[in-house]
Amino acid sequence: MYAVTPIRSATVNPAGAAAVRQVPPRTTTAPVVPLRAADEASEILAITRSTVQAAMEVLAGIRPVHQLARRLDPRCLAVLQHRAALIRREQSRSSSPSLARLHKNSIVRSVRACEVAPGIHEASAVVVDDIRARAVAVRLERSKQVWRVTEFMVG
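Note that the coordinates shown come from a computational prediction; the quantities given were computed from them, not determined experimentally.

Participant: What exactly am I supposed to notice about the pattern of salt bridges here?
Facilitator: Note that side chains of opposite charge can pair when their charged atoms are close. Using the criterion set out here, one finds seven salt bridges in the structure. Taking the shortest distance from any N to any O, the salt bridge between D129 and R134 comes out at 3.4 Å. Both residues of the pair, D129 and R134, belong to the buried class. Note that R139 is salt-bridged to E141, the shortest N-O span being 3.3 Å. Classification of R139 by relative accessible area gives partly exposed; the value is 24%. Looking at E141, the relative accessible area reads 27%, which means it is partly exposed.

Here it is in structure tokens:
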């Protein structure tokens, strides 16, 4: 059990010291403040960058695809999983050194985004890996205050 010490009102020191003021108690319900356009744009860029990086790691075989289940819609997740399985199958069949380095050490170089409708953004990213540079296109839609990727294309 914790002891609570009551807050006493401060008295002004006759020597001129500053008085301590009491702080009113916090309210438990804060009003919901919508994001400003700049905040939303930076959020879209950050989500796109992290999602594209994670997807490239899935294709490289160093990240499990289920980690993207909360961000990608089920159709995009299935397409990404299928592409990763095809890459694994081709790598097991072939002894090509360039195929073995496919999607390895991917780095997202740049991300651009624009709003196409309220609550819908389209973004593009440039990803560089050991072999080449790729373009990635992403469509994000807001549903229940959460951004979800509804389209995901890797070039």
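Next comes the rest of the account.
Participant: Can you help me understand unusual backbone geometry in this one?
Facilitator: When glycine is set aside, most residues are seen to have a negative phi, and most peptide bonds are trans. With a phi close to 55 degrees, K144 is a non-glycine residue in the positive phi region. Residue K144 is classed as exposed on the basis of its relative accessible area, which comes to 82%. The phi dihedral of Q145 falls on the positive side, at around 65 degrees, and the residue is not glycine. The topology assignment puts Q145 in the loop between strand 3 (133–143) and strand 4 (146–154).

The rules behind each value
- Residues numbered from 1 in each chain as written.
- Predicted model: local features only at pLDDT ≥ 70, side-chain atom pairs only at ≥ 80, totals over all residues.
- Heavy atoms only, no water.
- Salt bridge = Lys/Arg side-chain N within 4 Å of Asp/Glu carboxyl O.
- Buried < 20%, exposed > 50% of the residue type's maximum accessible area, 1.4 Å probe, protein only.
- Helix = DSSP H or I, 4+ residues; strand = E, 2+ residues; numbered from the N terminus.

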